[in-house]
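One-letter residues, chain by chain:
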Amino acid sequence: MDIQEYFGKCLEIASNPENYKTLLIGAVYSLIVASIAWVMGIVLGIIGASLKLNKNKFLRFLGNCYVELIRGTPMLLQILFFYLIMPTLITLITGNAFRVNKFVVGTIAIGINSGAYSTELIRSGIIGIDAGQWEAAMSLNLSHWDMMRYVILPQAFKQVVPPMVSEYITLIKDSSLLSTIGAVELLYSAQIMGANYYNYLFPLMMAGVFYLVMTFVISSIAKKVERRLAESD
Amino acid sequence: MKKILKIAAVAAMVLGCSACSQTQEEEISWQDQLIEENTLIVGISPDYPPYESLENGEMVGFDVDMMAELEKYLGVNVEFEQMTFSTIVDAVNLGQVDVGVSGFTYDPERQVLFSDPYLESAQVILTKKDSGIESAADLSGKVVGAQLGTTGADAAAEIEGASVELNQDANILVEALKAGQMDAVVVDLLVAQNYEESDSSLVVLDEPLVDEENGIICSTSNELLMDALNDAIAQFKESDAYEELKTKWGM
Amino acid sequence: MIKAEHISKTFQNVKALDDVSFQISKGEIVCLIGPSGSGKSTLCRCINGLEIPDSGNIYIEGKQIDYTDQKQAAEARSKTGFVFQHFNLFPHMSVMDNMILAPMKTLHMSREEAITKARELLSRVGLADKEEAYPKKLSGGQKQRVAIARSLMMNPQIMLFDEPTSALDPEMVMEVLEVMKQLAFEGMTMVVVTHEMGFAKEIASRIVFLEEGKIIEENTPDLFFSQPQTKRAQDFLKKVLY
């Protein structure tokens with residue numbers, strides 16, 4: 001195949017509106033995966049951070065286990081664990097066949113993964129607050145809850161917003177790992193398209209543009225939000 | 001000179017002199033039947049990678065390399081004659097070329113002789129022994145995995161009532177099958193057999209979804225040549241070169 | 001009013017306080033002075049439970065306080081106000097919100113009540129026009145005055161000042177000291193950790209001189225500054241009053 005023919009084929013793929021629709025649907029799925037996983041991650045992150053900052057040694061240990069286990073293994077393995085190993089274990093234990101929804105378990109796996117990173121982000125946001133703030137709140141006799149709610153967390157929140165946004169952007173890209181288990185998202189859509197056209201690379205490039213647009217839009221919005229947050233300081 | 005001999009041989013057969021024809025056959029070897037002395041003229045359509053294609057004007061591909069190997073076993077020179085695919089069968093029958101090589105798959109409708117297959121593959125159904133699935137017909141309403149972009153994916157799509165899940169990686173498909181996430185997986189025969197051997201809970205169904213066998217064709221009147229080709233193919237398949245070429249061309 | 005008995009505190013092998021006993025009665029103004037690292041800040045912080053002593057007891061109005069017990073700590077702190085070297089205003093809140101948060105949350109003051117009181121205190125410290133400002137728009141001196149006013153919002157019976165002017169540019173020291181002086185004249189009981197010798201001399205009812213975690217000398221300001229009894233106090237004063 002000469003170069004002219006190759007570009008002709010690319011042009012054929014690029015000029016078919018159906019292909020954009022396919023990729024757009026894939027992109028929407030990627031956003032759904034990333035969004036659910038992100039929110040899940042924040043919830044798990046708050047829980048994880050309160051475990052890791054807890055006075056109770058055992059709870060701290062639990063928090064550490066979660067973070068180290070997840071951050072110490074590739075996300076791909078975690079996805080495969082939830083798709084392949086977990087159902088096998090459940091089948092072994094219950095004796096009944098257990099079939100999972102790839103999309104759901106994949107999203108859960110990514111959410112649990114994100115939770116470990118969010119734990120560290122939130123934890124460092126909280127411990128990054130100047131000791132004087134804790135002491136001032138304490139000397140003003142605020143209860144622990146009021147201190148967290150009105151003094152510490154609002155300040156931690158501001159510090160945590162920028163890394164949380166980049167975590168979301170990371171998740172949009174990481175959601176592509178779901179293609180390994182054949183769950184629909186942007187990369188998988190591009191792979192299907194590649195197989196149909198016997199041209200693997202070009203659809204991937206197109207998907208790349210979609211990823212770029214999504215992440216660019218999100219980081220632009222994030223910059224505006226950050227600026228507004230900074231103004232209130 | 002050769003032509004005359006050939007005509008004589010045909011004439012002898014036509015005369016129905018069975019006794020003498022037998023002796024004649026002993027004498028007439030396949031080499032004598034070649035169009036050009038000591039040369040095997042091969043009709044080929046170089047537009048079918050990885051079997052054969054043109055690269056910078058040079059013909060490359062599995063078939064091309066294979067003919068270079070067969071040349072050794074046959075002991076005649078191989079000469080390629082490029083033509084469009086659809087004309088190869090006619091060219092063989094009309095005696096313009098001795099054989100046709102172009103990734104031919106067995107097809108009884110083609111009025112030619114087919115050699116033993118030099119490449120065999122099939123898309124088969126791999127399933128769990130206890131699944132109760134015995135044929136493609138049992139897959140209706142079931143989840144069938146197949147590898148993205150393969151003939152297996154096309155074949156799986158043809159299975160009536162089955163919902164097909166595509167994945168890039170055959171390993172993950174088989175693991176998903178083992179983990180009970182799928183009911184069957186359509187894969188290449190060799191791949192399926194390896195899994196069957198490695199895991200006693202898996203079984204390859206006898207009936208393949210698609211047969212893919214490639215052979216060399218020659219004219220129906222050239223059985224002697226076909227015998228010689230089959231011999232050569234058998235030797236080729238025994239040789240190390242066979243596996244090397246399969247790897248080289250990703251067969 | 002406050003009594004500290006045999007307080008010891010060690011930070012990573014450094015003895016910050018070594019068996020220190022100290023007390024202050026109502027209406028007294030005690031200045032804690034001494035070289036840096038002498039333990040004067042630590043003593044001040046122990047009184048408010050910001051540091052937990054390794055040994056020794058703290059009594060407030062005759063009652064022993066265990067600061068690791070939240071209820072006791074809260075009761076003790078309701079009687080004390082604390083002013084920090086670095087102000088520690090809440091940066092994400094306006095001056096007004098800094099002032100009214102704790103009274104509303106812990107004293108269950110109504111918002112209106114708290115705002116009225118805050119305005120009154122802000123005008124007392126000369127910052128009536130700053131209630132909408134955020135801390136980062138204020139100068140150091142203004143921040144410290146807000147911090148003092150914020151403490152006063154809680155109606156403390158005793159005010160603890162931990163080097164309130166050490167982090168200020170020199171031209172802002174005076175405005176903070178003026179506010180403190182005013183408090184002193186109003187009869188507030190105060191413990192002041194300070195390096196401002198002139199201030200200490202002027203307003204203190206008693207000077208407590210610490211060095212290396214021990215109280216070396218305790219005296220009235222007149223006697224302490226004119227006739228220090230110990231060699232250490234003499235050396236210290238020689239260095240700071242030149």
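Because the structure is predicted, anything quoted here is derived from the model rather than measured.

(A) Structural context of the packing of helix H3 (residues 95–106) of chain C against helix H4 (residues 111–124) of chain C. Residue and element names in this part refer to chain C. Where H3 meets H4, the closest approach of the two axes is 9 Å, and the angle between their N-to-C directions is 125 degrees. Between H3 and H4, the crossing angle belongs to the class labelled oblique. Helix-helix and strand crossings are classified by hand; for H3 and H4 the assignment is right-handed. Contacts between H3 and H4 involve Val 95, Met 96, Asp 97, Met 99, Ile 100 and Met 104 on the former and, on the latter, Arg 111, Ala 114, Ile 115, Ala 118, Arg 119, Leu 121 and Leu 122.

(B) Structural context of H4(C). Residues and elements named next belong to chain C. The end-to-end C-alpha separation of H4 is 20 Å, in line with the 20 Å expected for 14 residues at 1.5 Å each. The complete set of buried residues in H4 reads Ala 114, Ile 115, Lys 117, Ala 118, Leu 121 and Leu 122. Summarising the axial view, the buried residues of H4 lie within an arc of 165 degrees, below the 170-degree limit, and thus occupy one face. Facing away from the buried surface of H4 by more than 90 degrees, the exposed residues are Glu 112 and Thr 116. Looking at the residues trailing H4, positive phi occurs at Gly 126, about 80 degrees.

(C) Structural view of helix H5 (residues 140–152) of chain C. For H5(C), with 13 residues, the first-to-last C-alpha span of 18 Å sits near the 18 Å given by 1.5 Å per residue. Counting buried positions along H5(C) gives 12 out of 13 residues, so the element sits mostly inside the fold. Three or more residues of H5(C) are buried, namely Gly140(C), Gly141(C), Gln142(C), Gln144(C), Arg145(C), Val146(C), Ala147(C), Ile148(C), Ala149(C), Arg150(C), Ser151(C) and Leu152(C). Those residues of H5(C) hidden inside the fold are in contact with helix H6 (131–139) of chain A together with strand E6 (80–83), H3, H4, strand E7 (158–162) and helix H6 (170–185) of chain C.

(D) Seen up close, the sheet that holds strand E4 (residues 58–60) of chain B. All names here are of chain B. Spatially, E2-E3-E4 is the arrangement adopted by the three strands of the open sheet, whose pairing is antiparallel. Two strands close off the open sheet at either side, each with one partner strand: strand E2 (47–48) and E4. Sheet topology note: the strand E3 (residues 52–55)/E4 ladder contains three bridges and is antiparallel. Residue pairing for E4: Glu 55 is matched across the bridge by Glu 58.

(E) Layout of the interface of chain A and chain C. With 21 residues of chain A at the interface, the matching set in chain C holds 24 residues. Inspection of the chain A/chain C interface yields one salt bridge. Ionic pairing is found between Arg45(C) and Glu135(A), a salt bridge with its closest N-O pair at 2.4 Å. The interface formed by chain A and chain C contains six residue pairs in polar contact (both at pLDDT 80 or more). Counting only elements with at least two residues in the side of chain A that touches chain C, the list comes to H6 and helix H7 (144–174) of chain A. A total of seven residues in the side of chain A that touches chain C trace back to one element, the largest contributor, which is H6(A).

Quick notes on the rules
Residues numbered from 1 in each chain as written. Chains lettered and ligands numbered in written order. Predicted model: local features only at pLDDT ≥ 70, side-chain atom pairs only at ≥ 80, totals over all residues. Heavy atoms only, no water. Axes fitted to C-alpha atoms, helices over the stretch in contact; angles between N-to-C directions. Helix = DSSP H or I, 4+ residues; strand = E, 2+ residues; numbered from the N terminus. Parallel < 35°, antiparallel > 145°, perpendicular 65-115°, else oblique. Left-handed = near helix turned anticlockwise from the far one by under 90°. Contact = heavy atoms within 4.5 Å. Expected span 1.5 Å × (residues − 1). Buried < 20%, exposed > 50% of the residue type's maximum accessible area, 1.4 Å probe, protein only. Arc of directions from axis to C-beta. Pairing = 2+ DSSP bridges. Salt bridge = Lys/Arg side-chain N within 4 Å of Asp/Glu carboxyl O. Polar contact = N/O pair within 3.5 Å; in protein donor to acceptor, adjacent residues only side chain to side chain.

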